[in-house]
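# Observations on chain architecture
Chain by chain, the residues:
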Amino acid sequence: MNQGQREESLITGGMIPSATQVEEARELLRKYLRPTRLVRTESLERRSDGQVYLKVESDLPTGSFKPRGALNALLTNARQRTLAGVVAASTGNHGAAVAYAARIANLAATIFLPENPNPVKRARILGVGAKVVERGAADQLAAIQAAAAFSREHGHYFLDDSSDLLVPAGAATIASEILDEVPRPDVIFVPIGDTALIRGVAAEAKRRHPTVRIVGVQAEQAPAYARSWEQGRVIVTETCDTIADGLATRYPLEANVHAIRQLVDEVRLVSERELLDAIRLLLLEEHVVAEASGAAATAAFLQDASAYAGQDVVLLMTGANVPLEVLRCAVNDN
């Protein structure tokens, strides 16, 4: 199947997980993962006069939300067929989650990263026993191409979180947990990287509470999906040079653009300074360590916190794998 046929297949089949797929994911994941904390945030509530909750996904193994999708995809496939191994391309968190899932499934994992990746995430991947190969720039294009070639050559399952529908089905369990505790949230802020997270969370949240607003968040310096969402077509950006490496995308899939236009009510862009300020606030006032992509939802909320007076707001804190130099910059460069 060539790239054009792959894209057409994804559009025809849809990239939004069904209620059945989400429930199956939840049943599988409860054997491996505990629900993450949903905590009230006093510092943010003072700024908004609303009820503001932080969904702390760094509670999960590997320090991010990613094991939800990786475990669901890998273990579901492993039950259906014999796998020789698994390969993935990632800026880091997805790779660590795939490596973690592979260890549970007793499979070899090979993770392709961009050159000079986030060192914390690289160490996570190596720490759970996967092989790391570095290829290309931060936009992941070379890493994705190399992972796909490795998959074809060695017959390993390519767990691509941008196109595998089992990944957003796993991520959707975040929304299930949120609405179990807060049945009628007014708005949920969700970071946008490859869109698997927001597709899953938005689909399940709107299925259970149709009037909830979903606000997507991207970095100003990596706005490919934001621009694509606005214009209703794929917009490829020249660069994606941001400290929020988990949001660093340049090449949106058309199928994912169609999906987020169905599901997402608003998309906001946050600056590098706003990301650093959000990291600092979460660390010093809420005692929560967040990487830049993990702090993106908080950064977007802080742009206009007072607009949410009297509302129930949920901010997804999606990961804590922050490099030391970024953390120092957030704390010291005020």
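Our structure is the block above this text.
To start, this report covers the structure provided alongside it.

### Thoughts on the environment of Val217
Structurally, the position occupied by Val217 is in strand S8 (residues 213-219). On the basis of relative accessible area, Val217 is assigned to the buried category, the value being 0%. For the pair formed by Val217 and Ile198, sequence separation is 19 residues and the distance between their alpha carbons is 9.5 Å. Ignoring any residue separated from it by four or fewer positions in sequence, one finds Val217 in contact with Phe189, Val190, Pro191, Ile192, Leu247, Arg268, Val270, Ala296, Ala297 and Ala300.

### Quick look at the pattern of salt bridges
Under the defined criterion, the tally for this structure stands at 21 salt bridges. The partner of Glu285 in a salt bridge is Arg46, with the nearest N and O atoms 3.3 Å apart. Of this pair, Glu285 sits in helix H13 (residues 272-286) while Arg46 sits in helix H3 (residues 42-48); the two residues are 239 residues apart in sequence, bridging distant segments of the chain. Judged by its relative accessible area of 57%, Arg46 falls in the exposed class. A salt bridge links Lys55 to Glu177, with the nearest nitrogen and oxygen atoms 2.7 Å apart. With a gap of 122 residues between them, Lys55 in strand S2 (residues 51-56) and Glu177 in helix H9 (residues 173-181) connect regions that are remote in the sequence. Given the relative accessible area of 0%, Lys55 is considered buried. Note on Glu177: relative accessible area 10%, which makes it buried.

### Notes on the packing of aromatic side chains
For any pair of aromatic rings, the description rests on two quantities: the centre-to-centre distance and the angle between the ring planes. Tallying each qualifying case throughout the model produces four aromatic pairs. Aromatic pair Phe301 and Tyr308: ring centres 5.6 Å apart, planes at 35 degrees, arrangement tilted. Residue classification places Phe301 among the buried residues on the basis of a relative accessible area of 0%. Taken together, the aromatic side chains of Phe189, Phe301 and Tyr308 make up a single cluster linked through ring pairs. Lying over the aromatic face of Tyr53, Arg40 brings its terminal NZ or CZ to 5.7 Å of the ring centre. The side chain of Arg81 reaches across the aromatic face of Tyr157, ending 5.3 Å from its centre.

### Some points on the side chain of Asn256
Structurally, Asn256 can be placed in helix H12 (residues 254-263). Of the residues examined, Asn256 reaches a relative accessible area of 0% and is grouped as buried. At 3.4 Å, the side chain of Asn256 forms a polar contact with the side chain of Tyr225. With near-sequence residues (within four places) excluded, Asn256 lies in contact with Met15, Ser162, Asp194, Thr195, Arg199 and Tyr225.

### Describing the pairing of strand S4 (residues 109-113)
By the criterion of burial, S4 is predominantly enclosed, with five of the five residues buried. Side-chain alternation along S4 places Ala109, Ile111 and Leu113 on one buried face and Thr110 and Phe112 on a second face that is also buried. When strand S3 (residues 86-89) meets S4, the two strands line up parallel, connected through four bridges. For Val86, the partnering residue across the bridge sits in S4 and is Ala109. Between the parallel pair S3 and S4, the chain is carried across by helix H5 (residues 93-105), and the sense of this crossover is right-handed. Taken together, the four bridges between S4 and strand S5 (residues 131-134) define a ladder with parallel strand orientation. Pairing of Thr110 across the sheet is with Lys131, part of S5. On the question of chirality, the crossover connecting S4 to the parallel S5 by way of helix H6 (residues 119-127) is right-handed.

### A short note on the sheet that holds S5
The sheet built from four strands is open, its strands ordered S5-S4-S3-S6 with parallel pairing. Strand pairing shows two members of the sheet lacking a second neighbour, S5 and strand S6 (157-158), which therefore form its edges. Sheet topology places S3 next to S6; two bridges connect them, and they run parallel. Across the sheet, Val86 pairs through a bridge with Tyr157, a residue of S6. Against the sheet, H6 makes contact with S4 and S5, and its axis sits at roughly 145 degrees relative to S5, the strand it touches most. The strands touched by helix H7 (residues 141-154) within the sheet are S3, S4 and S6, with S3 carrying the most contacts at an inclination of about 165 degrees.

### Thoughts on H7
An ideal rise of 1.5 Å per residue puts 20 Å on 14 residues; H7 measures up with 20 Å between its terminal C-alpha atoms. Restricting attention to buried positions, one finds in H7 the residues Ala143, Ala146, Ala147, Ala148, Phe150 and Ser151. After H7 finishes, the residue Gly155 shows a positive phi value of roughly 75 degrees.

### Comments concerning unusual backbone geometry
One non-glycine residue, Asp49, lies in the positive phi region at around 60 degrees. One non-glycine residue with positive phi stands out, namely Thr195, at about 85 degrees. We classify Thr195 as buried; its relative accessible area is 2%.

### Focus: the layout of surface pockets
Counted as a void, the second largest pocket has a volume near 340 Å³. Tallied by class, residues from the lining of the second largest pocket come to ten nonpolar, four polar and four charged.

Scoring rules and cut-offs
Residues numbered from 1 in each chain as written. Predicted model: local features only at pLDDT ≥ 70, side-chain atom pairs only at ≥ 80, totals over all residues. Heavy atoms only, no water. Helix = DSSP H or I, 4+ residues; strand = E, 2+ residues; numbered from the N terminus. Buried < 20%, exposed > 50% of the residue type's maximum accessible area, 1.4 Å probe, protein only. Contact = heavy atoms within 4.5 Å. Salt bridge = Lys/Arg side-chain N within 4 Å of Asp/Glu carboxyl O. Phe/Tyr/Trp six-rings, centres within 6.5 Å; stacked < 30°, edge-to-face > 60°. Lys NZ or Arg CZ within 6 Å of the ring centre and 35° of its normal. Polar contact = N/O pair within 3.5 Å; in protein donor to acceptor, adjacent residues only side chain to side chain. Pairing = 2+ DSSP bridges. Right-handed = clockwise from strand over helix to strand, strands pointing away. Axes fitted to C-alpha atoms, helices over the stretch in contact; angles between N-to-C directions. Expected span 1.5 Å × (residues − 1). 1 Å grid on protein atoms, 1.4 Å probe; cavity = no way out; pocket = protein on both sides within 12 Å on 5 of 7 lines; lining within 4 Å. Points joined across faces, edges and corners; volume = space filled by probe spheres on them. Nonpolar A, V, L, I, M, F, W, Y, C, P; charged D, E, K, R; others polar.

Note that all results are geometric; they support no functional claim without further evidence.
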